[in-house]
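If you want the building blocks of each chain, they are given just below.
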Amino acid sequence: MADRVTVIGWDGSPLTAAATAALSAATLVAGAAHHLALPEVPAAAERIRLGSIDLAARRIAGHRGSAVVLADGDPGFFGVVRNLRAPEHGLEVEVVPAVSAVATAFARAGMPWEDAQVVVAHPRTLRRAVNVCRAHHKVAVLTSPGAGPAELALLLEGVHRTFVICEELGTAREQVTVLTSDKAADHVWRDPNVVIVIGSGPEQQSTGSWIAGRHPHGVRGWALPPAAYPGGAADPDGESGEGESAGLRAAQLARLGPRTGDLVWDVGSGGGALAVEAARFGAAVLAVDSDPDACARTAATARAFGVQVQVVQGRAPHVLERLPEPDVVRIGGGGVPVVTAVADRRPERIVTHASTRDEAEALGAALSGNGYTVECSLLQSVELDTAAWSERERSVVFLLAALRSDLAP
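Quick notes on the rules
- Residues numbered from 1 in each chain as written.
- Predicted model: local features only at pLDDT ≥ 70, side-chain atom pairs only at ≥ 80, totals over all residues.
- Heavy atoms only, no water.
- Buried < 20%, exposed > 50% of the residue type's maximum accessible area, 1.4 Å probe, protein only.
- Helix = DSSP H or I, 4+ residues; strand = E, 2+ residues; numbered from the N terminus.
- Contact = heavy atoms within 4.5 Å.
- Axes fitted to C-alpha atoms, helices over the stretch in contact; angles between N-to-C directions.
- Parallel < 35°, antiparallel > 145°, perpendicular 65-115°, else oblique.
- Left-handed = near helix turned anticlockwise from the far one by under 90°.
- Nonpolar A, V, L, I, M, F, W, Y, C, P; charged D, E, K, R; others polar.
- Salt bridge = Lys/Arg side-chain N within 4 Å of Asp/Glu carboxyl O.
- Phe/Tyr/Trp six-rings, centres within 6.5 Å; stacked < 30°, edge-to-face > 60°.
- Pairing = 2+ DSSP bridges.
- Right-handed = clockwise from strand over helix to strand, strands pointing away.
- Polar contact = N/O pair within 3.5 Å; in protein donor to acceptor, adjacent residues only side chain to side chain.

Chemist: Where do I start with helix H9 (residues 246–256) in this structure?
Modeler: Three or more residues of H9 are buried, namely Leu248, Arg249, Ala251, Gln252, Leu253 and Leu256. Buried residues along H9 sit against helix H10 (273–280), strand E14 (328–331), strand E15 (349–354), strand E16 (372–385) and strand E17 (390–404). Positive phi shows up at Gly257, right after H9, with a value of about 60°.

Chemist: It is not clear to me how unusual backbone geometry should be interpreted in this structure. Could you clarify?
Modeler: Excluding glycine, most residues fall at negative phi; most peptide bonds, likewise, are trans. Across the junction of Asp191 and Pro192, the peptide omega takes the value -5°, indicating a cis bond. As for its placement among the helices and strands, Pro192 is situated in the loop between helix H8 (181–184) and strand E10 (193–198). Note the cis peptide between Ala316 and Pro317, where omega equals 10°. Its place among the elements puts Pro317 in the loop between strand E13 (310–313) and E14.

Chemist: Before we go on, may I ask you to explain the packing of helix H12 (residues 335–343) against helix H13 (residues 357–368) in this structure?
Modeler: To describe two helices that pack against each other, one gives the angle between their axes and the distance between the axes. Across the interface, H12 lies against H13 with an axial gap of 9 Å and an inter-helix angle of 20°. Taken together, H12 and H13 sit at an angle that is classed as roughly parallel. Considering how the two elements wind past one another, H12 and H13 form a crossing that is right-handed. Residue-level inspection shows Gly335, Val336, Val339 and Thr340 of H12 in contact with H13, the latter providing Ala362, Leu363, Ala366 and Leu367. Grouping the amino acids of the contact of H12 with H13 by side-chain chemistry returns six nonpolar, two polar and no charged.

Chemist: Which parts of the structure should I look at to understand the environment of Pro97?
Modeler: Mapped onto the elements, Pro97 comes out in the loop between strand E5 (94–96) and helix H5 (101–109). Separated by 26 residues in sequence, Pro97 and Ala71 place their C-alpha atoms 9.2 Å apart. Apart from the residues within four sequence positions on either side, Pro97 is in contact with Gly9, Asp74 and Pro75.

Chemist: Help me understand helix H6 (residues 126–135) in this model?
Modeler: The buried fraction of H6 amounts to eight of the 10 residues, a majority that puts the element mostly inside the structure. Among all positions of H6, only Leu126, Ala129, Val130, Asn131, Val132, Cys133, Arg134 and Ala135 are buried.

Chemist: It is not clear to me how the pattern of salt bridges should be interpreted in this structure. Could you clarify?
Modeler: Between side chains of opposite charge, a pair can form when the charged atoms approach closely. Applying the stated criterion across every chain yields a total of 21 salt bridges. Where Arg127 meets Asp327, a salt bridge forms, and the shortest distance between an N and an O atom there is 2.6 Å. Taken together, the residues span a long stretch of sequence, with Arg127 in helix H6 and Asp327 in the loop between E13 and E14 at a distance of 200 residues. Classification of Arg127 by relative accessible area gives partly exposed; the value is 33%. Taking the relative accessible area as the measure of exposure, Asp327 reaches 3% and is therefore buried.

Chemist: What should I look at first to understand the packing of aromatic side chains in this one?
Modeler: Each aromatic ring pair is characterised by the separation of its centres together with the angle its planes make. Summed over all chains, the structure comprises four aromatic pairs. Where Phe106 meets Trp113, the ring centres are 5.7 Å apart and the plane angle is 5°; that geometry is what we call stacked. For Phe106, a relative accessible area of 1% corresponds to the buried category. According to the relative accessible area criterion, Trp113 is partly exposed, its value standing at 32%.

Chemist: Would you explain the packing of H9 against H10 in this entry?
Modeler: Direction vectors running N to C along H9 and H10 enclose 40°, while the axes themselves pass 11 Å from each other. Here H10 runs oblique to H9, going by the angle between their axes. As H9 packs across H10, the resulting crossing turns out to be right-handed. Contact residues: H9 offers Arg249, Gln252, Leu253 and Leu256, while H10 offers Ala273, Leu274, Glu277 and Ala278.

Chemist: What is the right way to read the sheet that holds E10 from this model?
Modeler: Picture the strands of a sheet paired through backbone hydrogen bonds; they go either parallel or antiparallel. Strand order in the open sheet made by the five strands is E6-E7-E10-E8-E9, with mixed pairing throughout. The two strands at the open ends of the sheet, each matched to only one other strand, are strand E6 (117–120) and strand E9 (175–180). On average, adjacent strands in this sheet sit at an angle of 20° to one another, irrespective of strand direction. Here E6 runs beside strand E7 (residues 138–142); their pairing, made up of four bridges, is parallel. Directly across from Val120, in E7, lies its bridge partner Leu142.

Chemist: Would you explain the side chain of Thr177 in this entry?
Modeler: Among the structural elements, Thr177 can be located in strand E9. With relative accessibility at 17%, the residue Thr177 sits in the buried group. Leaving out residues up to four positions away in the same chain, Thr177 has contacts with Phe163, Val164, Ile165, Glu167 and Trp189.

Chemist: Teacher, can you tell me more about the pairing of E7 here?
Modeler: Look at any regular strand and the pattern is simple: side chains alternate between the two faces of the sheet. The buried fraction of E7 is high, at five of five residues. Across the two faces of E7 the burial is the same, with Lys138, Ala140 and Leu142 and Val139 and Val141 all buried. Chirality of the crossover, the property in question, places the unit of E6, H6 and E7 among those that are right-handed. Pairing of E7 with E10, which is carried by five bridges, proceeds in the antiparallel orientation. Note on E10: the bridge partner recorded for Val141 is Val195.

Chemist: I would appreciate a short explanation of the side chain of Asn131 in the present structure.
Modeler: Locating Asn131 in the fold gives a position in helix H6. The class for Asn131 is buried, based on a relative accessible area of 3%. Within the local environment of Asn131, its side chain forms a polar contact with the backbone oxygen of Gly261, the two atoms lying 2.9 Å apart. With sequence-adjacent residues up to four places away left out, Asn131 is seen in contact with Gly261, Asp262, Leu263, Ala284 and Asp327.

Limitation: the analysis is restricted to geometry and does not speak to function.
Here's what the structure looks like:
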(Lines give C-alpha, C1' and ligand atoms only; values in the text may rest on other atoms or scores of the structure.)
Protein backbone atom coordinates (compact mmCIF):
# COMPACT_ATOMS: atom_id res chain seq x y z
CA MET A 1 0.00 0.00 0.00
CA ALA A 2 1.17 3.54 -0.72
CA ASP A 3 2.98 5.15 2.19
CA ARG A 4 0.83 8.26 1.86
CA VAL A 5 -2.13 9.20 -0.36
CA THR A 6 -3.03 12.86 -0.75
CA VAL A 7 -6.04 14.04 -2.72
CA ILE A 8 -5.64 17.59 -3.98
CA GLY A 9 -8.50 19.69 -5.27
CA TRP A 10 -7.78 22.15 -8.08
CA ASP A 11 -9.95 25.10 -9.07
CA GLY A 12 -7.60 26.91 -11.44
CA SER A 13 -6.01 29.07 -8.78
CA PRO A 14 -2.37 28.60 -7.62
CA LEU A 15 -1.83 25.52 -5.48
CA THR A 16 -1.56 26.03 -1.73
CA ALA A 17 1.66 25.39 0.14
CA ALA A 18 0.28 22.10 1.48
CA ALA A 19 -0.68 20.94 -2.03
CA THR A 20 2.69 21.95 -3.48
CA ALA A 21 4.58 20.12 -0.73
CA ALA A 22 2.57 16.94 -1.25
CA LEU A 23 3.10 17.07 -5.02
CA SER A 24 6.84 17.68 -4.77
CA ALA A 25 7.21 14.52 -2.68
CA ALA A 26 4.97 12.37 -4.90
CA THR A 27 6.31 9.30 -6.66
CA LEU A 28 2.92 8.63 -8.32
CA VAL A 29 0.44 11.23 -9.57
CA ALA A 30 -3.04 10.44 -10.87
CA GLY A 31 -5.37 12.91 -12.54
CA ALA A 32 -6.93 14.13 -15.74
CA ALA A 33 -4.75 15.29 -18.61
CA HIS A 34 -4.90 18.96 -17.58
CA HIS A 35 -3.88 18.02 -14.03
CA LEU A 36 -0.88 15.97 -15.16
CA ALA A 37 0.27 18.92 -17.27
CA LEU A 38 0.66 21.17 -14.22
CA PRO A 39 4.26 22.31 -13.79
CA GLU A 40 4.26 21.26 -10.12
CA VAL A 41 3.99 17.55 -11.05
CA PRO A 42 7.46 15.99 -10.57
CA ALA A 43 9.03 14.90 -13.84
CA ALA A 44 10.19 11.59 -12.33
CA ALA A 45 6.80 10.64 -10.84
CA GLU A 46 4.77 7.81 -12.34
CA ARG A 47 1.66 9.26 -13.97
CA ILE A 48 -1.79 7.70 -14.19
CA ARG A 49 -4.46 9.33 -16.32
CA LEU A 50 -7.74 8.96 -14.46
CA GLY A 51 -10.42 7.04 -16.29
CA SER A 52 -11.77 4.36 -14.00
CA ILE A 53 -11.33 5.48 -10.38
CA ASP A 54 -11.41 1.85 -9.23
CA LEU A 55 -8.54 0.87 -11.54
CA ALA A 56 -6.53 3.88 -10.38
CA ALA A 57 -7.24 3.02 -6.74
CA ARG A 58 -5.86 -0.48 -7.26
CA ARG A 59 -2.70 0.93 -8.84
CA ILE A 60 -2.31 3.33 -5.93
CA ALA A 61 -2.87 0.57 -3.38
CA GLY A 62 -0.04 -1.44 -4.91
CA HIS A 63 2.35 1.49 -5.12
CA ARG A 64 5.27 1.90 -2.75
CA GLY A 65 5.84 5.57 -2.13
CA SER A 66 3.81 8.77 -1.89
CA ALA A 67 0.77 9.04 -4.16
CA VAL A 68 -1.17 12.16 -5.12
CA VAL A 69 -4.56 12.25 -6.80
CA LEU A 70 -5.54 15.53 -8.48
CA ALA A 71 -9.22 16.34 -8.99
CA ASP A 72 -11.25 19.39 -9.95
CA GLY A 73 -12.86 21.44 -7.18
CA ASP A 74 -13.60 19.88 -3.83
CA PRO A 75 -12.78 16.15 -4.16
CA GLY A 76 -14.94 15.36 -1.14
CA PHE A 77 -18.10 16.71 -2.78
CA PHE A 78 -19.35 14.23 -5.39
CA GLY A 79 -15.66 13.53 -5.99
CA VAL A 80 -13.00 10.84 -5.84
CA VAL A 81 -12.59 10.71 -2.07
CA ARG A 82 -15.58 8.40 -1.59
CA ASN A 83 -14.29 5.93 -4.21
CA LEU A 84 -10.76 5.92 -2.85
CA ARG A 85 -12.00 5.28 0.69
CA ALA A 86 -14.22 2.38 -0.36
CA PRO A 87 -13.58 -0.74 1.77
CA GLU A 88 -12.34 -2.80 -1.19
CA HIS A 89 -9.39 -0.42 -1.66
CA GLY A 90 -8.57 0.25 1.99
CA LEU A 91 -6.96 3.63 1.30
CA GLU A 92 -6.62 6.25 4.01
CA VAL A 93 -6.35 9.64 2.37
CA GLU A 94 -5.45 13.19 3.28
CA VAL A 95 -7.48 15.83 1.46
CA VAL A 96 -6.39 19.30 0.38
CA PRO A 97 -9.66 20.79 -0.93
CA ALA A 98 -10.28 23.63 -3.34
CA VAL A 99 -13.46 25.58 -4.03
CA SER A 100 -16.08 23.23 -5.47
CA ALA A 101 -17.32 23.72 -9.01
CA VAL A 102 -20.82 24.32 -7.64
CA ALA A 103 -19.64 27.09 -5.29
CA THR A 104 -17.67 28.66 -8.13
CA ALA A 105 -20.65 28.52 -10.49
CA PHE A 106 -22.94 30.28 -8.02
CA ALA A 107 -20.22 32.84 -7.33
CA ARG A 108 -19.94 33.57 -11.05
CA ALA A 109 -23.74 33.95 -11.16
CA GLY A 110 -23.71 36.19 -8.06
CA MET A 111 -26.35 34.03 -6.36
CA PRO A 112 -26.73 32.45 -2.91
CA TRP A 113 -27.00 28.68 -2.98
CA GLU A 114 -27.80 27.28 0.45
CA ASP A 115 -31.33 26.69 -0.89
CA ALA A 116 -30.17 24.84 -4.01
CA GLN A 117 -30.48 21.15 -4.76
CA VAL A 118 -27.27 19.64 -6.20
CA VAL A 119 -27.43 16.66 -8.55
CA VAL A 120 -25.01 14.71 -10.72
CA ALA A 121 -26.20 13.91 -14.24
CA HIS A 122 -24.88 10.85 -16.06
CA PRO A 123 -26.70 9.28 -19.01
CA ARG A 124 -28.10 6.65 -16.62
CA THR A 125 -29.29 9.23 -14.04
CA LEU A 126 -30.25 12.07 -16.38
CA ARG A 127 -34.01 11.51 -16.13
CA ARG A 128 -33.93 11.76 -12.34
CA ALA A 129 -31.78 14.90 -12.49
CA VAL A 130 -34.35 16.42 -14.86
CA ASN A 131 -37.14 15.50 -12.44
CA VAL A 132 -35.34 17.39 -9.68
CA CYS A 133 -35.14 20.39 -12.02
CA ARG A 134 -38.88 20.08 -12.63
CA ALA A 135 -39.65 19.96 -8.91
CA HIS A 136 -37.33 22.55 -7.39
CA HIS A 137 -36.77 26.26 -7.83
CA LYS A 138 -32.96 26.18 -7.87
CA VAL A 139 -30.81 23.22 -8.91
CA ALA A 140 -27.10 22.88 -9.69
CA VAL A 141 -26.39 20.08 -12.16
CA LEU A 142 -22.90 18.60 -12.39
CA THR A 143 -23.03 17.34 -15.95
CA SER A 144 -21.12 14.71 -17.91
CA PRO A 145 -20.69 13.83 -21.59
CA GLY A 146 -24.07 12.71 -22.93
CA ALA A 147 -25.87 14.36 -20.02
CA GLY A 148 -25.14 18.03 -20.51
CA PRO A 149 -27.07 21.27 -20.97
CA ALA A 150 -28.57 20.27 -24.34
CA GLU A 151 -29.85 16.94 -23.03
CA LEU A 152 -31.28 18.61 -19.91
CA ALA A 153 -33.11 21.13 -22.07
CA LEU A 154 -34.58 18.48 -24.38
CA LEU A 155 -36.01 16.49 -21.47
CA LEU A 156 -37.40 19.67 -19.89
CA GLU A 157 -39.51 20.37 -22.97
CA GLY A 158 -42.62 22.29 -21.99
CA VAL A 159 -41.15 23.44 -18.66
CA HIS A 160 -39.74 26.98 -18.65
CA ARG A 161 -36.44 27.32 -16.82
CA THR A 162 -33.50 29.69 -16.93
CA PHE A 163 -30.07 28.08 -17.41
CA VAL A 164 -26.80 29.55 -16.16
CA ILE A 165 -24.20 27.42 -17.94
CA CYS A 166 -20.65 27.61 -16.58
CA GLU A 167 -18.08 26.04 -18.89
CA GLU A 168 -14.51 25.09 -17.97
CA LEU A 169 -14.49 26.99 -14.69
CA GLY A 170 -11.08 28.05 -13.45
CA THR A 171 -9.42 27.87 -16.85
CA ALA A 172 -8.52 30.45 -19.49
CA ARG A 173 -11.48 29.16 -21.53
CA GLU A 174 -14.02 29.77 -18.76
CA GLN A 175 -17.35 31.08 -20.03
CA VAL A 176 -20.69 31.79 -18.33
CA THR A 177 -23.87 31.90 -20.45
CA VAL A 178 -27.41 32.77 -19.32
CA LEU A 179 -30.32 31.70 -21.53
CA THR A 180 -33.74 30.08 -21.35
CA SER A 181 -33.93 26.30 -21.38
CA ASP A 182 -35.62 26.14 -24.77
CA LYS A 183 -32.50 27.72 -26.37
CA ALA A 184 -29.89 25.46 -24.72
CA ALA A 185 -30.32 22.55 -27.15
CA ASP A 186 -29.26 24.80 -30.05
CA HIS A 187 -25.66 25.08 -28.80
CA VAL A 188 -22.62 22.83 -28.39
CA TRP A 189 -21.28 23.13 -24.85
CA ARG A 190 -17.75 22.40 -23.68
CA ASP A 191 -17.01 19.92 -20.89
CA PRO A 192 -16.69 20.13 -17.98
CA ASN A 193 -19.61 22.39 -17.18
CA VAL A 194 -22.04 23.13 -14.38
CA VAL A 195 -25.64 24.16 -15.10
CA ILE A 196 -27.62 26.23 -12.62
CA VAL A 197 -31.32 25.69 -13.34
CA ILE A 198 -33.68 28.38 -12.05
CA GLY A 199 -37.44 27.93 -11.98
CA SER A 200 -40.32 30.31 -11.51
CA GLY A 201 -41.47 31.57 -8.14
CA PRO A 202 -39.86 33.65 -5.42
CA GLU A 203 -36.37 33.14 -3.98
CA GLN A 204 -36.16 31.58 -0.53
CA GLN A 205 -36.00 34.37 2.04
CA SER A 206 -32.84 34.63 4.13
CA THR A 207 -34.79 35.09 7.36
CA GLY A 208 -34.86 31.85 9.32
CA SER A 209 -32.71 29.80 6.93
CA TRP A 210 -31.09 26.99 8.89
CA ILE A 211 -30.69 24.00 6.58
CA ALA A 212 -29.16 23.51 3.14
CA GLY A 213 -31.39 22.43 0.28
CA ARG A 214 -35.12 22.82 0.33
CA HIS A 215 -36.25 24.85 3.33
CA PRO A 216 -39.15 23.25 5.27
CA HIS A 217 -42.01 25.71 5.38
CA GLY A 218 -45.76 26.04 5.21
CA VAL A 219 -48.41 23.84 6.75
CA ARG A 220 -47.18 20.89 8.78
CA GLY A 221 -48.48 17.45 7.85
CA TRP A 222 -49.93 15.80 4.77
CA ALA A 223 -53.31 14.43 3.65
CA LEU A 224 -54.55 17.83 4.78
CA PRO A 225 -58.27 18.55 5.19
CA PRO A 226 -60.08 20.30 2.32
CA ALA A 227 -60.16 23.59 4.24
CA ALA A 228 -56.36 23.80 3.90
CA TYR A 229 -56.65 24.28 0.13
CA PRO A 230 -57.85 27.33 -1.83
CA GLY A 231 -61.64 27.10 -2.05
CA GLY A 232 -61.70 23.85 -0.07
CA ALA A 233 -63.64 25.23 2.87
CA ALA A 234 -66.57 25.99 0.58
CA ASP A 235 -66.74 22.46 -0.86
CA PRO A 236 -69.92 20.86 0.55
CA ASP A 237 -68.66 17.34 -0.18
CA GLY A 238 -65.50 17.72 1.85
CA GLU A 239 -63.41 17.01 -1.23
CA SER A 240 -61.14 19.11 -3.46
CA GLY A 241 -61.52 16.96 -6.55
CA GLU A 242 -62.69 13.56 -7.75
CA GLY A 243 -61.97 10.96 -5.05
CA GLU A 244 -59.79 13.35 -3.09
CA SER A 245 -61.12 12.89 0.43
CA ALA A 246 -58.32 13.28 2.93
CA GLY A 247 -58.48 9.66 4.08
CA LEU A 248 -58.27 8.24 0.56
CA ARG A 249 -55.54 10.70 -0.32
CA ALA A 250 -53.48 9.58 2.67
CA ALA A 251 -53.74 5.93 1.60
CA GLN A 252 -52.88 6.77 -2.02
CA LEU A 253 -49.81 8.79 -1.07
CA ALA A 254 -48.63 6.05 1.27
CA ARG A 255 -48.82 3.47 -1.52
CA LEU A 256 -47.23 5.74 -4.13
CA GLY A 257 -44.31 6.83 -1.93
CA PRO A 258 -43.35 9.91 -4.02
CA ARG A 259 -39.79 11.11 -3.45
CA THR A 260 -37.09 13.37 -4.85
CA GLY A 261 -36.11 12.30 -8.36
CA ASP A 262 -39.51 10.77 -9.16
CA LEU A 263 -41.99 11.96 -11.74
CA VAL A 264 -45.58 11.56 -10.54
CA TRP A 265 -48.57 11.61 -12.86
CA ASP A 266 -51.83 12.66 -11.21
CA VAL A 267 -54.41 11.76 -13.86
CA GLY A 268 -57.76 13.35 -13.08
CA SER A 269 -56.17 15.75 -10.64
CA GLY A 270 -59.33 17.61 -9.68
CA GLY A 271 -58.45 20.49 -7.38
CA GLY A 272 -54.82 19.37 -7.17
CA ALA A 273 -54.63 18.32 -3.52
CA LEU A 274 -52.78 15.05 -4.19
CA ALA A 275 -50.57 16.62 -6.87
CA VAL A 276 -49.47 19.36 -4.49
CA GLU A 277 -48.85 16.97 -1.61
CA ALA A 278 -46.72 14.74 -3.85
CA ALA A 279 -44.73 17.84 -4.82
CA ARG A 280 -44.27 18.70 -1.14
CA PHE A 281 -42.49 15.34 -0.77
CA GLY A 282 -39.95 16.57 -3.33
CA ALA A 283 -41.25 14.75 -6.42
CA ALA A 284 -41.84 16.29 -9.84
CA VAL A 285 -45.55 16.23 -10.65
CA LEU A 286 -47.63 16.37 -13.82
CA ALA A 287 -51.27 17.08 -12.98
CA VAL A 288 -53.62 16.09 -15.81
CA ASP A 289 -57.28 17.03 -16.08
CA SER A 290 -59.72 17.70 -18.90
CA ASP A 291 -61.57 20.43 -16.96
CA PRO A 292 -59.99 23.88 -17.38
CA ASP A 293 -61.44 25.02 -14.05
CA ALA A 294 -59.81 22.05 -12.31
CA CYS A 295 -56.50 22.88 -13.97
CA ALA A 296 -56.78 26.48 -12.78
CA ARG A 297 -57.51 25.30 -9.21
CA THR A 298 -54.50 22.98 -9.29
CA ALA A 299 -52.22 25.81 -10.46
CA ALA A 300 -53.60 28.09 -7.73
CA THR A 301 -53.08 25.41 -5.08
CA ALA A 302 -49.49 24.84 -6.19
CA ARG A 303 -48.78 28.57 -5.97
CA ALA A 304 -50.37 28.77 -2.53
CA PHE A 305 -48.11 25.99 -1.24
CA GLY A 306 -45.00 27.23 -3.04
CA VAL A 307 -44.36 24.05 -5.05
CA GLN A 308 -43.70 23.39 -8.72
CA VAL A 309 -46.49 21.42 -10.47
CA GLN A 310 -46.83 21.21 -14.25
CA VAL A 311 -50.52 21.32 -15.18
CA VAL A 312 -51.60 19.61 -18.41
CA GLN A 313 -55.12 20.12 -19.72
CA GLY A 314 -56.37 17.25 -21.84
CA ARG A 315 -58.47 14.13 -21.84
CA ALA A 316 -56.91 10.82 -20.87
CA PRO A 317 -55.89 8.43 -22.25
CA HIS A 318 -54.94 10.36 -25.42
CA VAL A 319 -53.14 13.22 -23.66
CA LEU A 320 -50.87 10.74 -21.88
CA GLU A 321 -49.09 9.73 -25.08
CA ARG A 322 -46.95 12.87 -25.15
CA LEU A 323 -46.00 12.98 -21.47
CA PRO A 324 -42.54 11.95 -20.16
CA GLU A 325 -42.12 8.58 -18.48
CA PRO A 326 -43.62 8.40 -14.96
CA ASP A 327 -42.27 6.62 -11.90
CA VAL A 328 -45.60 6.41 -10.04
CA VAL A 329 -49.13 7.26 -11.12
CA ARG A 330 -52.37 8.10 -9.35
CA ILE A 331 -55.49 7.68 -11.49
CA GLY A 332 -58.49 9.67 -10.32
CA GLY A 333 -60.92 8.44 -12.97
CA GLY A 334 -61.34 7.27 -16.53
CA GLY A 335 -61.91 3.57 -15.99
CA VAL A 336 -60.22 0.65 -17.72
CA PRO A 337 -59.04 2.56 -20.84
CA VAL A 338 -57.02 5.00 -18.74
CA VAL A 339 -55.68 2.28 -16.45
CA THR A 340 -54.53 0.27 -19.47
CA ALA A 341 -52.88 3.29 -21.09
CA VAL A 342 -51.00 4.08 -17.88
CA ALA A 343 -49.91 0.46 -17.40
CA ASP A 344 -48.48 0.48 -20.93
CA ARG A 345 -45.99 3.16 -19.78
CA ARG A 346 -44.68 0.76 -17.08
CA PRO A 347 -44.48 2.99 -13.98
CA GLU A 348 -43.31 1.29 -10.79
CA ARG A 349 -46.58 1.87 -8.95
CA ILE A 350 -50.15 2.76 -9.84
CA VAL A 351 -52.98 3.62 -7.44
CA THR A 352 -56.61 4.17 -8.29
CA HIS A 353 -59.98 3.76 -6.61
CA ALA A 354 -63.48 2.50 -7.31
CA SER A 355 -66.87 3.11 -5.79
CA THR A 356 -68.26 -0.40 -6.44
CA ARG A 357 -66.89 -3.93 -6.27
CA ASP A 358 -67.63 -4.58 -9.94
CA GLU A 359 -65.65 -1.50 -10.92
CA ALA A 360 -62.79 -2.53 -8.64
CA GLU A 361 -62.69 -6.02 -10.20
CA ALA A 362 -62.56 -4.56 -13.73
CA LEU A 363 -59.73 -2.19 -12.82
CA GLY A 364 -57.84 -4.91 -10.97
CA ALA A 365 -58.15 -7.29 -13.93
CA ALA A 366 -56.80 -4.61 -16.30
CA LEU A 367 -53.80 -4.00 -14.06
CA SER A 368 -52.96 -7.67 -13.44
CA GLY A 369 -53.40 -8.41 -17.14
CA ASN A 370 -50.77 -5.79 -17.92
CA GLY A 371 -48.07 -7.18 -15.63
CA TYR A 372 -48.90 -5.71 -12.24
CA THR A 373 -49.37 -7.31 -8.83
CA VAL A 374 -52.59 -5.83 -7.44
CA GLU A 375 -53.86 -5.34 -3.93
CA CYS A 376 -57.37 -4.08 -3.15
CA SER A 377 -58.66 -2.74 0.14
CA LEU A 378 -62.09 -1.53 1.18
CA LEU A 379 -61.61 1.74 3.05
CA GLN A 380 -64.37 2.97 5.29
CA SER A 381 -64.17 6.11 7.36
CA VAL A 382 -66.66 7.91 9.55
CA GLU A 383 -66.23 11.56 10.46
CA LEU A 384 -67.75 12.54 13.79
CA ASP A 385 -69.04 15.87 15.00
CA THR A 386 -67.16 16.14 18.28
CA ALA A 387 -69.60 18.69 19.67
CA ALA A 388 -72.38 16.09 19.82
CA TRP A 389 -70.28 12.96 19.01
CA SER A 390 -72.66 12.20 16.19
CA GLU A 391 -71.88 10.94 12.72
CA ARG A 392 -71.23 13.75 10.28
CA GLU A 393 -70.06 11.91 7.17
CA ARG A 394 -69.35 8.33 6.05
CA SER A 395 -67.06 7.35 3.19
CA VAL A 396 -66.65 3.92 1.58
CA VAL A 397 -64.25 3.32 -1.32
CA PHE A 398 -62.18 0.52 -2.85
CA LEU A 399 -58.46 1.35 -3.06
CA LEU A 400 -56.40 -0.50 -5.66
CA ALA A 401 -52.60 -0.41 -5.41
CA ALA A 402 -50.54 -2.01 -8.16
CA LEU A 403 -46.82 -2.79 -8.17
CA ARG A 404 -45.03 -3.72 -11.38
CA SER A 405 -44.59 -7.48 -11.21
CA ASP A 406 -40.82 -7.46 -11.78
CA LEU A 407 -40.51 -5.37 -8.57
CA ALA A 408 -42.91 -7.43 -6.45
CA PRO A 409 -41.35 -9.38 -3.54
